[in-house]
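A structural walkthrough
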Amino acid sequence: MLRYGFFYGPGTYYAPDGGTAQEIRARRFPLVGGGTGISSFVHVEDAADATVAALAGGARGRYNVTDEEPAAAAQWLPHAAACLGARRPLRVPALVGRLAAGPHAVHFATTLRGNSGARFRETFGWTPAHPSWREGFRQALGAPA
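On a predicted model such as this, the values are computed, not experimentally measured, just so you know. (Residues numbered from 1 in each chain as written. Predicted model: local features only at pLDDT ≥ 70, side-chain atom pairs only at ≥ 80, totals over all residues. Heavy atoms only, no water.)

Considering the nonpolar core
The following threshold applies: In plain words, nonpolar cores are sets of buried Ala, Val, Leu, Ile, Met, Phe, Trp, Tyr and Cys residues tied together by side-chain atoms within 4.5 Å. For the exposure calls, accessible area comes from a 1.4 Å probe over protein chains only, and a residue counts as buried if that area is under 20% of its type's maximum, exposed if over 50%, partly exposed in between. Every helix listed is a DSSP run of H or I at least four residues long, and every strand listed is a run of E at least two residues long, numbered separately from the N terminus. The criterion used for residue contact is that any of the two residues' heavy atoms lie within 4.5 Å.
Counting 19 residues, the largest nonpolar core has I24, F41, W76 and F137 as the members making the most contacts within it. Within the residue set of this core, elements represented by two or more residues are α1 (19-25), α3 (73-83) and α7 (133-140). Of the residues forming this core, the biggest block, six residues, is contributed by α3. Filtering out sequence-adjacent residues up to four positions away, F41 remains in contact with G5, F6, Y8, Y14, T66, D67, W76, W133 and F137. Core analysis: the next-biggest nonpolar cluster, separate from the first, contains eight residues, A47, A50, F124 and W126 among them.

Description of the packing of α3 against α7
Quick reminder of the rule: With axes taken as lines fitted to C-alpha atoms, and helix axes fitted only over the stretch in contact, angles between N-to-C directions fall between 0 and 180 degrees. Roughly parallel refers to an angle under 35 degrees, roughly antiparallel to one over 145, roughly perpendicular to one between 65 and 115, and oblique to any angle outside these ranges. Working rule for handedness: look at the near helix, and if it is turned counterclockwise from the far one by less than a right angle, call the crossing left-handed; if clockwise, right-handed. Ten residue types, Ala, Val, Leu, Ile, Met, Phe, Trp, Tyr, Cys and Pro, are classed as nonpolar, four, Asp, Glu, Lys and Arg, as charged, and the remainder, Gly among them, as polar.
Where α3 contacts α7, the axes come no closer than 9 Å and their chain directions differ by 25 degrees. Here α7 runs roughly parallel to α3, going by the angle between their axes. Of the two elements, α3 crosses α7, and the hand of that crossing is right-handed. Two secondary-structure elements touch here, α3 through Q75, W76, H79, A80 and C83 and α7 through W133, R134, F137 and R138. Along the lines of polarity and charge, the residues of the contact of α3 with α7 split into five nonpolar, two polar and two charged.

Digging into unusual backbone geometry
Located in the positive-phi region is R27, a residue other than glycine, with phi close to 60 degrees. Considering the arrangement of structural elements, one finds R27 in the loop between α1 and β3 (31-32). For R27, a relative accessible area of 26% puts it in the partly exposed group.

Structural notes on α7
What counts, and what does not: Each C-beta atom gives one direction from the helix axis, and the arc is the one those directions make. Side-chain atoms alone can form a polar contact between residues adjacent in sequence; in general such a contact is a pair of N or O atoms within 3.5 Å, and within protein one must be able to donate a hydrogen while the other accepts it.
Those residues of α7 that fall on the buried side of the exposure criterion are W133, G136, F137 and A140. Taken end-on, α7 shows its buried residues confined to a sector of 100 degrees, consistent with a single buried face. Along its buried surface, α7 packs onto β2 (6-8), β5 (41-43), β7 (71-72) and α3. Sitting at the head of α7, S132 places a side-chain oxygen 3.0 Å from the backbone nitrogen of R134. A positive phi of about 85 degrees marks G142, the residue just after α7.

Observations concerning the packing of aromatic side chains
Definition in use: Aromatic contacts are taken between Phe, Tyr and Trp rings whose centres are within 6.5 Å, Trp giving its six-membered ring; a plane angle under 30 degrees counts as stacked, one over 60 as edge-to-face, and the others as tilted.
Evaluated as defined, the whole model comprises 17 aromatic pairs. Taking the centre distance of 6.0 Å and the plane angle of 50 degrees together, the rings of F6 and F41 count as tilted. One end of the pair, F6, is in strand β2; the other, F41, is in strand β5, and 35 residues separate them in sequence. Classification of F6 as partly exposed rests on a relative accessible area of 27%. One aromatic cluster is present, built from ring pairs that chain together F6, Y8, Y14, F29, F41, W76, F108, W133 and F137.

All we've got here are geometric facts, nothing functional implied.
Here is the structure:
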């Protein structure tokens, strides 16, 4: 069983025309609390390659498929905004986030723990073409390097 990080790239929420990108541009995707929730990402092309690697054979089990750099919302969200040419995200207290978007959104923004794909990479000898969301976002969201 493969469990993927948040997809970014063509056809995803984290594409220039994706829903999350639109929310970031409109400043409707704020940093909640301290922005300490850790997200793990994977480019959709890397996810497809990893799926093929898993289908080709190897050990059975549960594996996370992510890039090599989980990141706190306080890191990735301003970077995504910059890549999109958007203004920096607003900051809101966790209570405001809970009232506006609910406890699930606050969990993602403040306490999500992220995942490591190291076990999958080691077991299947797989390396993502986009090892970091930092460069991956620059490419996928159209920002200059």
